[in-house]
Amino acid sequence: MSPYKAVIFDIGGVVLRSPFIGIAAYEKAHGLPPNYLNCSIVGRGSQGAWQRFERGELPFSNFYEAFGRDLSDVANGNEWYKAYCVKKALSCPPLPTSLNIDGRELFGAMMREAQTYDPHIRNALLRIRATGRWKVIALTNNFQKAEVPESEREFLGWTKGATPDHLLALFDDFCDSSTLGMRKPEPEFYLAACSRNNLDPHEAIFLDDIGMYATPELVTVLVIEFSFSNLKAAKRLGMDTIHVPIGGTLEAVKQLGAKLGIDLVNSADEQPKL
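Residues numbered from 1 in each chain as written. Predicted model: local features only at pLDDT ≥ 70, side-chain atom pairs only at ≥ 80, totals over all residues. Heavy atoms only, no water.

Novice: Can you walk me through the nonpolar core in this structure?
Specialist: It is characteristic of soluble globular proteins that their nonpolar side chains tend to be buried jointly. With 31 residues, the main nonpolar core has Leu37, Trp50, Phe67, Leu106 and Phe107 as its most contacted residues. Within the residue set of this core, elements represented by two or more residues are helix H1 (20-29), helix H2 (36-43), helix H3 (49-54), helix H4 (60-71), helix H5 (74-87) and helix H6 (103-113). Here the element with the most residues in this core is H4; it accounts for six residues. The contact partners of Trp50, leaving out residues within four places of it in the chain, are Ile41, Phe63, Phe67, Phe107, Met110, Met111, Phe143 and Arg183. (Core = buried A, V, L, I, M, F, W, Y, C linked by side-chain atoms within 4.5 Å. Buried < 20%, exposed > 50% of the residue type's maximum accessible area, 1.4 Å probe, protein only. Helix = DSSP H or I, 4+ residues; strand = E, 2+ residues; numbered from the N terminus. Contact = heavy atoms within 4.5 Å.)

Novice: Looking at this model, I keep getting lost on the side chain of Ser178. Mind explaining?
Specialist: Within the secondary structure layout, Ser178 lies in helix H10 (residues 177-180). Overall, the relative accessible area of 2% leaves Ser178 in the buried class. At 2.9 Å, the side chain of Ser178 and the backbone nitrogen of Lys145 are in polar contact. Side chain to side chain, Ser178 and Asp176 meet in a polar contact 2.6 Å long. Those residues in contact with Ser178 that lie beyond four places of it in its chain are Phe53, Glu54, Arg55, Gly56, Asn142, Phe143, Gln144 and Lys145. (Polar contact = N/O pair within 3.5 Å; in protein donor to acceptor, adjacent residues only side chain to side chain.)

Novice: When you look at the sheet that holds strand E4 (residues 204-208) in this model, what are you seeing that I'm missing?
Specialist: Picture the strands of a sheet paired through backbone hydrogen bonds; they go either parallel or antiparallel. Read from one edge to the other, the open sheet built from five strands follows the order E3-E2-E1-E4-E7, with strand pairing classed as parallel. The open sheet has two free edges, formed respectively by strand E3 (173-176) and strand E7 (240-243), since each of these has just one partner strand. The sheet shows a mean angle of 20 degrees between the axes of neighbouring strands, direction not considered. Sheet topology note: the E4/E7 ladder contains four bridges and is parallel. Counted as the bridge partner of Asp208 is His243 from E7. Strand contacts of helix H11 (residues 187-196): strand E2 (135-140), E3 and E4, with the helix running at about 155 degrees to E3, the strand carrying the most contacts. This element, helix H13 (residues 249-260), spans strand E1 (6-9), E4 and E7 of the sheet and lies at about 160 degrees to E7. (Pairing = 2+ DSSP bridges. Axes fitted to C-alpha atoms, helices over the stretch in contact; angles between N-to-C directions.)

Purely geometric numbers; function is a separate question.
What follows is the structure in structure tokens.
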């Protein structure tokens, strides 16, 4: 008999295509080294524009400017990238002397990428719910609280909202960072999801993506080691975890099925668009 009572899914990069593919494309288009902007986003820590927006602390009207300003800071950005290269044993390429990152352009590229369900994960999710044996919960750093003007929604691919009803309907509970005021990897966020669903952490399996990958035409695999903290935080609390690398969702589904003791692998439905 399965020891688990719930399966907890990340959204972007697990249930849906990863928005970080948009960052890889933006970096390539603007001649930036791979992962440069990701290092700057992470380097800002909990008070960066991205992090504050995910917690619902920064209004949408101020986000684009703050996001672009954070990522245009080459003084800090270059130091964070040098540290990344040292940690990954990479030869550091020439770094920019100045940047003018357009926060709107970059965020739009990211959000438009995240409009397609992963067929293997979606199919597994539906099969788990159909059994009635486990709760299915979303735990996502997201923007549900953002008040976006209608004129901007089409640009972002949010014509049905940042979190459309058909996505919400897949889950028994949807824990969104912007509505709860917490984000991964803050332990309180995981514990809030458990508390809302009468779970102990050890009764849940948590699936999250780590890092990102380039689009096929970029070829390169880009791993952001900082993102391991999402799964590490869950594991420290006692959750079982499954790494869902982009391009490796089928294997992740097989691992999930083995843990639950059911077959989750069959022909997936056609990928719906958001």
